[in-house]
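# Analysis of the macromolecular model
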Amino acid sequence: MATFVLVPGGWHGAWSYEAVVPLLERAGHAVHALTLTGLRPDDDAATVATANLDTHAGDVLRLLDRAHITGATLVGHSYGGMVIAAAADRAGGRVSRLVHLDAYVPRDGESCWSSTTERYREAFAAGAASTGYAVRPPDGGDPRRRPHPLASFLQTIRLTGALARVPRREFVYCSGWEDRTPFAGLRTRLDADPEWQVHDLPTGHNAMREAPEAVAALLLGERTADTSPR
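Residues numbered from 1 in each chain as written. Predicted model: local features only at pLDDT ≥ 70, side-chain atom pairs only at ≥ 80, totals over all residues. Heavy atoms only, no water.

### Looking at the packing of helix α3 (residues 53–66) against helix α4 (residues 80–90)
Our working definition: Geometry is summarised by axes, namely lines fitted to C-alpha atoms with helices restricted to the contacting stretch, and by angles between N-to-C directions that run from 0 to 180 degrees. Helix and strand definitions here come from DSSP, where helices need a minimum of 4 consecutive H or I residues and strands a minimum of 2 consecutive E residues; each element is numbered from the N-terminal end. Less than a right angle of anticlockwise turn of the near helix away from the far helix marks a crossing as left-handed, whereas a clockwise turn marks it as right-handed. Whether two residues touch is decided by their heavy atoms; if any such pair falls within 4.5 Å, the residues are in contact.
In contact at an axis separation of 8 Å, α3 and α4 are set at 65° when each is read in the N-to-C sense. Every pair of crossing elements has a handedness; the one defined by α3 and α4 is right-handed. For the pair α3 and α4, contact is made by Leu53, Asp54, His56, Ala57, Val60 and Leu61 and by Met82, Val83, Ala86, Ala87 and Arg90, respectively.

Set out below in structure tokens:
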């Protein structure tokens, strides 16, 4: 039995994985979907203003401690890739697999801000203009989305090298939004790295909502028509 820890992307909560969780549980696995600090409905302004990448990595590490999890599979969507990287680097060998689901894969000293495109940096800045500390969700989308702590997008990650010792590292590229994706260059980089396995899904960015069965199959290690592993 595997233990999956599912980390959402910017503005989202545990609910973004609501269609994937039962598919993994039905296969006999333990699943923990997180809502990160500052994204919870009852978080006050001070909590949102002070939450950063370290805070979010701490959310994951506290779950590992609380549930006595070892051999964890961390899944991070979009911004969540920053979080699982930081957490895995600090987890003391308790993470056995990383899955970056159309997500940032940072190197030491990078941030979500530095890793994304100018289009998204402009969107982050505009979204935070009214408060200076919380980025409002982009127009449209699920009404459950919350303003996202700006500090978490800006903080640089500090990696010790432990991340490179996670035995299994995977990147999932969602190819259905190629006119806007910030991950095309990242896919090229990781596809050339023998330490990474790269998969393609023909969906938009929110694959776990558009194609939950394909995402679950990928996480379960099943080959489907929707995935093209290198």
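### Comments concerning α3
Just so we agree on the cut-off: Helix span, expected: 1.5 Å multiplied by one less than the number of residues in the helix. A 1.4 Å probe rolled over the protein chains alone gives each residue an accessible area, and that area as a share of the maximum for its type sets the label: buried under 20%, exposed over 50%, partly exposed in between. The term polar contact refers here to a pair of N or O atoms within 3.5 Å; inside protein, the definition further demands a hydrogen-donor-capable atom paired with an acceptor-capable atom, and it admits residues adjacent in sequence only when both atoms are side-chain atoms.
The terminal C-alpha atoms of α3 lie 20 Å apart, and with 14 residues this matches the ideal 20 Å at 1.5 Å per residue to within 8%. Within the span of α3, buried status applies to Leu53, His56, Ala57, Gly58, Asp59, Val60, Leu61, Leu63 and Leu64. Measuring from the backbone nitrogen of Asp54 back to the side-chain oxygen at the start of α3 gives 3.1 Å, which picks out Asn52 as the cap. A positive phi of about 55° marks His68, the residue just after α3.

### Thoughts on the packing of aromatic side chains
Keep this limit in mind: Here a pair means two rings of Phe, Tyr or Trp (six-membered ring of Trp) with centres within 6.5 Å. Their orientation is stacked below 30 degrees between planes, edge-to-face above 60, and tilted elsewhere.
Evaluation of the coordinates by the stated rule reveals six aromatic pairs. Note on Trp11 and Phe124: the rings are 6.2 Å apart at their centroids and 55° apart in plane angle, and the pair reads as tilted. With a gap of 113 residues between them, Trp11 in the loop between β1 (3–7) and α1 (21–26) and Phe124 in helix α6 (residues 118–127) connect regions that are remote in the sequence. Taken together, the ring pairs in this structure connect Trp11, Tyr79, Trp113, Phe124 and Phe153 into an aromatic cluster.

### Some words on the pattern of salt bridges
Worth spelling out the cut-off: Just to be clear on terms, a salt bridge is a Lys or Arg side-chain nitrogen sitting within 4 Å of an Asp or Glu carboxyl oxygen.
Under the definition given, this model contains 16 salt bridges. We note a salt bridge from Asp54 to Arg90, for which the minimum N-O separation is 2.9 Å. Residue Asp54 is located in helix α3, and its partner Arg90 is located in helix α4; the two are separated by 36 residues in the primary sequence. Accessibility expressed as a relative area gives 34% for Arg90, which makes it partly exposed. The salt bridge involving Arg107 is made with Glu110; its shortest N-O contact spans 3.3 Å. According to the relative accessible area criterion, Arg107 is partly exposed, its value standing at 46%. The exposure class of Glu110 is buried, given its relative accessible area of 19%. Here the salt bridges share partners, and the residues they tie into one network are Glu18, Asp142, Arg144 and Arg209.

### Describing the confidence of the model for the protein chain
Quick reminder of the rule: You can read pLDDT as the predictor saying how much it trusts each residue, on a scale of 0 to 100.
The share of residues in the protein chain with pLDDT of 70 or more is 97%, and the mean pLDDT across the chain is 96. Overall, residues 224–230 carries pLDDT values under 50, and its contacts beyond four positions in sequence, including any with other chains, amount to 22 contacts.

### A short note on unusual backbone geometry
Phi angles above zero are rare outside glycine, and His68 is one such case at about 55°. Along the polypeptide, His68 turns up in the loop between α3 and β3 (72–77). Located in the positive-phi region is Asp102, a residue other than glycine, with phi close to 45°.

### Quick look at the pairing of strand β8 (residues 197–201)
Going by this rule: Pairing between strands is defined by DSSP: at least two bridges between the two strands are required. By convention, a crossover is right-handed whenever its connection, traced from the first strand over the helix to the second and viewed with the strands pointing away, goes clockwise.
Across the five residues of β8, four count as buried, placing the element largely inside the fold. Here five bridges tie strand β7 (residues 168–174) to β8, and the two strands are oriented parallel to one another. When the sheet's bridge partners are listed, Val172 is paired in β8 with His199. For the crossover that starts at β7, traverses helix α8 (residues 184–191) and ends in the parallel β8, the hand is right-handed.

### A few points about the pairing of strand β2 (residues 30–33)
Sheet topology places β1 next to β2; four bridges connect them, and they run parallel. Across the sheet, the residue bridging to Val5 is His32, located in β2. Handedness of the crossover is the feature at issue here: the chain leaves β1, passes through α1, returns alongside β2, and the resulting connection is right-handed.

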